[in-house]
Structures are given as C-alpha cells and as structure tokens.
Amino acid sequence: MALIPKLANVSWITVEVETAAGFRLHGFLLYTMSDHFFPEYITVDGLVDLEVWSGDKFAIFIVHSPSEKWIEYARTKKHVWWKAFSSHFEGKPEMLELLQKYGSVPLLQAGDVKKTMREVFAPPINEYLHGDEIARILSYFELEPTQHPCLVLFKNLNDTSFWYVGMGDMVNMPLQDLRTSLKSWFAGSDFKGLLKEAEDA
Amino acid sequence: MPDVGRHNLKHQSVGEIFARAKEALLPKELAASDLAQWVMSYDDLLRQPDKGEYATDRHDSKEYFGEWRREFMEYLAQGILQPRIPFYFASLFHIGRLWKVTQNALDDCLTLESPDYLLASAQNLVEESRRQKSPVNDAEAYQTLKEICSLGIQRHQTILSLARSWWQMWQSEVGEYRRIFNEIREYAGDKNDQQWRQPMMRLMLLASKSSTLHVMMIRHGVVFKTELASPQQATSPFGQPLVLMAAFTLVMSDVRYMDVRHLEHFFYDLIREERMAPYVQQIVEALSKKYGDSNPFVEYSAGQKAADERLQRLIKEHTLPNGASSIWLNEWEEGLSETLYTSLEFPPKGMKSYEEILDWAIISADSVIKRNLAKRRQPVESWKDFLQRIFQEEWVSYVGYMLSNANKKADLSQIWTVEDLNKLITEVAIRLNQLGYPLIAPIVTELRPK
C-alpha cells in the first residue's frame, strides 16, 4: 500500500550524490567564527572560488541548519547586520559607525578568544559556526576539538573512511593571502594525489 | 600548507555522523526533549518492523490479513500528520538555533562586560583605529564598547525569552498531536475496539486548525519559504485525497460508533480559538508596539518591588483574549517561584538553617502574591485587604500544610510547631513590608485546619 510517500523531504542536509556526471568526492568545510579570516572569505568570494578551483570531480557544501530549507534567514543573508542590530535602539551615530567600520575585525576579548562585534552582537543562526558545535562534530569524526578549520572529504555516505585536510596554518592570514594559499593547494600535487587516491580506493 | 591524511572511523559511517550532527545544533533542553526526538525521527514511524522469516510474503499471509486494519489506521494518522511535520521540524531548528546562538552571544557579552576584558577590547579597538588611520581615543573606545555591550545584553535577553515562549508553544502543539496519535495506535491494536474513531476525528480537526506558533513566528518577522508560507498551508491537511478519504470513511461507517457528543468540548474550544485568533493577533501587535524590547514586569521580579495596582493592571493588559500570557508576562512569570500545593513537604526541622528558610519564604510569599493578582477583588475589599487575603489563603495556609506533611515522617526532635510557623510568618510579613507591602502577620492556631 503506497499511499504515504516517505519523508525524504524532511532530511536535514542536502548532500550531492555521486553521479555518472563526474563527482568523485564530497566534502564540507568546518570552521568557527574565530577562525579568521575563513568566515569572512567564505562570505565574500570563497564559495565561488572553491567551486572553480576544485573542478568537476569535487562537490563542496557548507553545512546549514535544517531549517534553512524552509526559512529565509534574511537578516544574515541580505540585511546589513549592524543596521539590523541597532534598529531596535536609538543608537548614537558614532556607535553605528563603529559597528560598521570595525564590526568584522576580531577586537573583542571574550575570555581567551578574540571575537568580532558581528559575532557577539548579531551572530548568524543558520550555520554551524560556534566552537562547541564544531568540536562536537570533530569528535564524531574522532578528531581533536582544535583541528579546525578543516575540509572533510568522503566518497559516499556509507563510507567509514574520509580524508582530513587541516587548515590551521591559514588562520589569521590576510584575506588575499588566504585566497592565494587555497588556490595553490587546489592546483598543487597534494590535492591531485588525494583525488587519485580517492578514485583508486 | 594544509596537512592531509586519510582516517578510518571505528564505529560509524559518515552518513551516521551526519544524522547525529544535527543534534549539535540544538540546546540541550531541546535536543533531550521527547517531543523533539519524536519529530526528528518521524520518518521511523513509517518503517514497519520486520516480521520474521516470512516477512517478504507477509502481505499474502492470513496473519497479515488480520493486521491490515491496524496498518490502515496508522497510515491514515500518519497521512494527517505528515503535512505538518516539516513545519514543526523547521521551527524546532529555528527556535533551537535562536536559543543556542543567542545564549552563546549573551555569555560572550556578559564576559566582555567585565572591566578587564572591556579594557583589553578597547585597547584592541584603539590599535585597529590607528591602523585604519581614523584614531579613536581610549576613553571613547571604552565607553562606546560598554554601551554597545549593554545594548547587546538587552537584545539577547529579549530574543532568548522569545525563543523560550516559542518553545513552550511548540511543545504544546506537538504534544497534542503526539497524544492523539498514540491513542489511535493504542486503539488500532484492538480488533474489536471501535474507539479509534474519536481520536482520529480529533486528529483531523486539530490538523485543520492554523498553528498559533506559525502565526506568532510570522508576526515576529520569520519569513517562511513558499512551501510553509501560510499557517494554513503549513498545517492544513484538507484538500489531500488521503484525508478526504479518511473523513469519508469515518462519516460513512457505522454511525452507532460515532458518538460525537464526546467531541462537543473539542469543537467548542476549536471554534472559540479560531474566532479569538484575530483579536489575539491585534493585541500582540499592540503590545509589541508599546513595549518592544523592554519588559515592563522587570521591576516586579521575585523579591523586588511589592505588588501594587499598577502590576495588577499590567497583568490584565498582558493576558490575551484566549487566556494565554504575552511573552513579557510569560517571561516574568517564569522567574517567579512556584505556586504552593497542599501535598508539598517542607524539609524536617533542623535540616536547613533558619536564614535559608527565611530567604526562600520571602521570595515564595512575594511570588505567590504576585501570581494571584489576577484574582477578583471581593465587594468593598480594599487593595490592602485583597493582598492580606491572598497572603493568608494562598501562602500561609499552604505553608501550614507543608509543615504538617513534614511532621508525618519526622522524628520527635524534628517536629515543626505552630510557634515555628507563627515566627516564620511574622518575619516574612516584616520583610515583605520593607519591600512595600502593607501586611499584618496573622496568628495561626494549628498547622493544618481540621
């Protein structure tokens, strides 16, 4: 009796399945808001760059909350965050200027880590960006909680093996240098070797 | 350069890790909730357990023929439930993210508020401003960051209370679906029992209602994508062939078993709630305009300012036409101590210091008076008499019961006496009067009235 379709549309994550069109590997990028300047880079050019550099044998996605599929996170996607933050208050113009000018620079000393004003006052709610969440996911992959930012690559969901690409050395690199380093790595022998290994595995 | 390596997982596949990872997005309170687990694993409800070695031929067997009715009932119930699961799934994660991310941000703001961290942050800001060639001075940086931080704390606290009130609504709506669904499952198992019809009808009626949570989320600016854009779309199953068929089956089947009298109250509540909905929305909008991010109840927190007629007016203003509390009232009520019951037990005498008992008693008495302000005043009853009556009826008498309950199990050395109670009441009245109450300590002659 096939009256009820299964709830496939309720699955929480969209994963590109392996197709005959050429995808060999799937991967996701794990980083926290404190992994400067990964969040900033991904927000600006990162996704397009990664798609181009990784070529047609590699599909990359950013992990979002399952509610992403049904809810528009307009504030974090389209709105200017500091305006959204200050709209509820009669903020002084100099306060708004400060938020606008320095909002994405890690200046706030919240305990041992430096955070940005955006992170502390208008954090995005639809992505895994917080240290404890990333640490939990890393622990599921049997990795240390500090092994971020990183790329985790796998061939298909049933696999029990994966490739880990640690990018800790790139934290705090200026945006342009970060972009150059990632571009060199995707064009270099390490990534080609990894792809070859994945194809042969 | 990146450090690359291949890793082997010992216990699970990558897909299984993804399934677990979604829970990392939610705060503990939500991830551990039975109802949240029920919605997250709803897909499992559709999977029938394997029936053993003849499972593949099950549909042709006599055994299966006897089970078809149960399966059919479950399919019907699932069909009614299924259209609204995506909404409750999406809203669960939206509420959970709002809660968890805001809590983290609030914790950061509270850390940042301490002078040492604020000073360090101001110095970082001064250095950065010099680098950007538009220098800010030390005092200006410190003061502005302090003000932004204080605004951030206010904003995060408001968002947190909103998330909590949505979570309450979510639990109430999903809890009702699960309760009826479980009833259907229970009755469907009994071949001779026709009682499944009533919960099935209730489930269909419930599912035809708009979700109040959905309406409230839209009012607060949550934008749903097309699939869940309207409360009706998100929650109404009518128009689906399966549900129409279920309704037809129910209505056309043996009417002797369709005792709709039991549904009278349900229909009444449903119609009343639907009729009230526009008024509730109007009032919520008006309250949002008037109070915005500030909570007018804050000054009346437990142990703070005494209950007065202004507080009574505020409570009435924030009690919605359907009897629910506004988010501001709800947040304040959550911060008050619990109402007392005659079955509660006080700790045996000597277990806690007198200071601890007195501290608890002051907060408890103040909370109980404030919780009962919505009660009607009796004819010719002054405000002072009204407070005195609440104090005696709702707090003093219950504490007497609690001491009496404690005495039932206590050793002789741990027995509470009437004198102990009178001493406590006198101290509490004095301390409450210091907050602004006009109370007189009554003289109690026995712990528990006979």
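Residues numbered from 1 in each chain as written. Chains lettered and ligands numbered in written order. Predicted model: local features only at pLDDT ≥ 70, side-chain atom pairs only at ≥ 80, totals over all residues. Heavy atoms only, no water.

### Here we look at unusual backbone geometry
Residues and elements named next belong to chain A. Cis rather than trans, the peptide bond between His36 and Phe37 has omega equal to 5 degrees. Along the chain, the position of Phe37 falls in the loop between β1 (25–30) and α1 (38–54). Residue His148 is joined to Pro149 through a cis peptide bond whose omega torsion reads 0 degrees. Looking at the element boundaries, Pro149 is found in the loop between α6 (131–140) and β6 (150–154). Positive phi, close to 60 degrees, is recorded for Glu142, a residue that is not glycine. Counting through the fold element by element, Glu142 comes out in the loop between α6 and β6. Backbone geometry places Asn172, a non-glycine residue, at a positive phi of 70 degrees. The residue Asn172 is located in the loop between β7 (161–166) and α7 (175–187) in this model. The exposure class of Asn172 is exposed, given its relative accessible area of 52%. (Helix = DSSP H or I, 4+ residues; strand = E, 2+ residues; numbered from the N terminus. Buried < 20%, exposed > 50% of the residue type's maximum accessible area, 1.4 Å probe, protein only.)

### Focus on the side chain of B:Ser91
All names here are of chain B. If you trace the backbone, Ser91 turns up in helix α6 (residues 85–112). Separated by 2.8 Å, the side chain of Ser91 and the backbone oxygen of Phe87 make a polar contact. Here Ser91 is in contact with Trp170, Leu213 and Met217, once residues within four sequence places are set aside. (Polar contact = N/O pair within 3.5 Å; in protein donor to acceptor, adjacent residues only side chain to side chain. Contact = heavy atoms within 4.5 Å.)

### Brief notes about a nonpolar patch on the surface
Residues and elements named next belong to chain A. A cluster of nonpolar side chains, contributed by Leu47, Val48 and Val52, occupies part of the molecular surface with about 280 Å² of accessible area. Mapping Leu47 onto the fold places it in helix α1. Given the relative accessible area of 40%, Leu47 is considered partly exposed. (Patch = residues over 30% accessible without salt bridge, like charges linked within 9 Å, V, L, I, M, F, W, Y side chains within 5 Å. Areas by Shrake-Rupley, 256 points an atom, 1.4 Å probe, with all protein chains shown as cover. Salt bridge = Lys/Arg side-chain N within 4 Å of Asp/Glu carboxyl O.)

### Examining the confidence of the model for chain A
For any part of a model where pLDDT is low, the fine detail of the predicted coordinates should not be relied upon. All names here are of chain A. A residue-level look at chain A finds 72% of positions with pLDDT of 70 or above and a mean pLDDT of 74. Highest mean pLDDT in chain A belongs to β7 (91); lowest belongs to helix α2 (residues 74–77) (50). Between residues 1–21, whose pLDDT stays under 50, and residues either more than four places distant or in other chains, the model counts 48 contacts. (pLDDT = per-residue confidence, 0-100.)

### Observations regarding the packing of helix α17 (residues 383–409) of chain B against helix α18 (residues 418–435) of chain B
All names here are of chain B. Where α17 contacts α18, the axes come no closer than 11 Å and their chain directions differ by 145 degrees. The way α17 lies across α18 gives a crossing that is right-handed. On the side of α17, the interface is formed by Phe391, Trp395, Val396, Val399, Gly400 and Leu403, while α18 contributes Leu421, Leu424, Ile425, Val428 and Leu432. (Axes fitted to C-alpha atoms, helices over the stretch in contact; angles between N-to-C directions. Left-handed = near helix turned anticlockwise from the far one by under 90°.)

### What to know about the nonpolar core
Nonpolar side chains tend toward joint burial in soluble globular proteins. Counting 131 residues, the largest nonpolar core has A:Met117, B:Trp170, B:Ile369, B:Leu373, B:Phe391, B:Trp395 and B:Val428 as the members making the most contacts within it. Here this core gets 20 residues from one element, more than from any other, and that element is helix α8 (residues 138–188) of chain B. Mapping this core onto the domain boundaries places at least three of its residues in each of domain 1 (14–45 + 65–291) and domain 2 (324–435) of chain B. Apart from residues no more than four positions distant in its own chain, B:Ile369 is found in contact with B:Ala307, B:Leu387, B:Ile390, B:Phe391, B:Leu432, B:Tyr437 and B:Leu439. Grouped together as the second largest cluster of nonpolar side chains are 24 residues, A:Leu25, A:Phe191, A:Leu194 and A:Ala198 included. (Core = buried A, V, L, I, M, F, W, Y, C linked by side-chain atoms within 4.5 Å. Domains from an automatic or database assignment.)

### Let's talk about the pattern of salt bridges
Scanning all chains against the criterion turns up 19 salt bridges over all chains. Of the charged contacts in the structure, one is a salt bridge between A:Asp49 and A:Arg179, with a shortest N-O distance of 2.6 Å. Placement of A:Asp49 in helix α1 and of A:Arg179 in helix α7 is noted, with a sequence separation of 130 residues between them. A residue is classified by how much of its surface remains accessible, and A:Asp49, at 8% relative accessible area, is buried. One network of salt bridges, in which partners are shared, links B:Glu176, B:Arg179, B:Glu183 and B:Arg202.

### So, the pairing of β7(A)
Among the 6 residues that make up β7(A), 6 are buried, leaving the element largely enclosed by the rest of the structure. Going residue by residue along β7(A), you find A:Ser161, A:Trp163 and A:Val165 tucked away on one face and A:Phe162, A:Tyr164 and A:Gly166 tucked away on the opposite face as well. As defined by bridge partners, β7(A) adjoins strand β1 (residues 3–8) of chain B across 6 bridges and the pair is classed as antiparallel. Among the inter-strand pairings, A:Phe162 is bridged to a residue of β1(B), identified as B:His7. (Pairing = 2+ DSSP bridges.)

### Examining the packing of aromatic side chains
Residues and elements named next belong to chain B. If you walk through the whole model with that rule in mind, you get 17 aromatic pairs over all chains. Considering the side-chain rings of Tyr291 and Trp328, the 6.2 Å spacing of their centres and the 55 degrees angle between planes classify their relative orientation as tilted. Residue Tyr291 is found in helix α13 (residues 264–291), and its partner Trp328 is found in helix α15 (residues 327–335); the two are separated by 37 residues along the sequence. The class of Trp328 is buried, set by a relative accessible area of 6%. Positioned above the aromatic ring of Tyr354, the side-chain terminus of Lys423 is 4.2 Å from the ring centre. (Phe/Tyr/Trp six-rings, centres within 6.5 Å; stacked < 30°, edge-to-face > 60°. Lys NZ or Arg CZ within 6 Å of the ring centre and 35° of its normal.)

### Looking at the packing of α6(B) against α8(B)
Residue and element names in this part refer to chain B. The interhelical angle for the contact between α6 and α8, taken along N-to-C directions, is 155 degrees, at an axis separation of 8 Å. Accordingly, the angle class assigned to the pair α6 and α8 is roughly antiparallel. Seen from above, α6 lies across α8 with left-handed handedness. Residue classes in the contact of α6 with α8 are distributed as 20 nonpolar, 7 polar and 2 charged. (Parallel < 35°, antiparallel > 145°, perpendicular 65-115°, else oblique. Nonpolar A, V, L, I, M, F, W, Y, C, P; charged D, E, K, R; others polar.)

### Details of the environment of B:Thr342
Residues and elements named next belong to chain B. Residue position: Thr342 is located in the loop between α15 and α16 (354–371). The class for Thr342 is partly exposed, based on a relative accessible area of 36%. Spatially, the C-alpha atom of Thr342 lies 6.4 Å from that of Met402, the residues being 60 residues apart in sequence. Setting aside anything within four residues of it in sequence, one finds Thr342 in contact with Tyr398, Tyr401 and Asn405.

### Brief notes about the environment of B:Arg155
All names here are of chain B. Of note, Arg155 is situated in helix α8. Classification of Arg155 by relative accessible area gives buried; the value is 7%. Sequence spacing of Arg155 and Ser294 is 139 residues, and the spatial spacing of their C-alpha atoms is 9.1 Å.

### What to know about the side chain of B:Gln12
Mapping B:Gln12 onto the fold places it in the loop between β1 and α1 (14–21). Residue classification places B:Gln12 among the buried positions, given a relative accessible area of 12%. Engagement of the side chain of B:Gln12 in a polar contact is seen with the backbone oxygen of A:Tyr140, the distance being 3.2 Å. Those residues in contact with B:Gln12, other than ones at most four positions away along the chain, are A:Tyr140, A:Thr160, B:Ile17 and B:Arg20.

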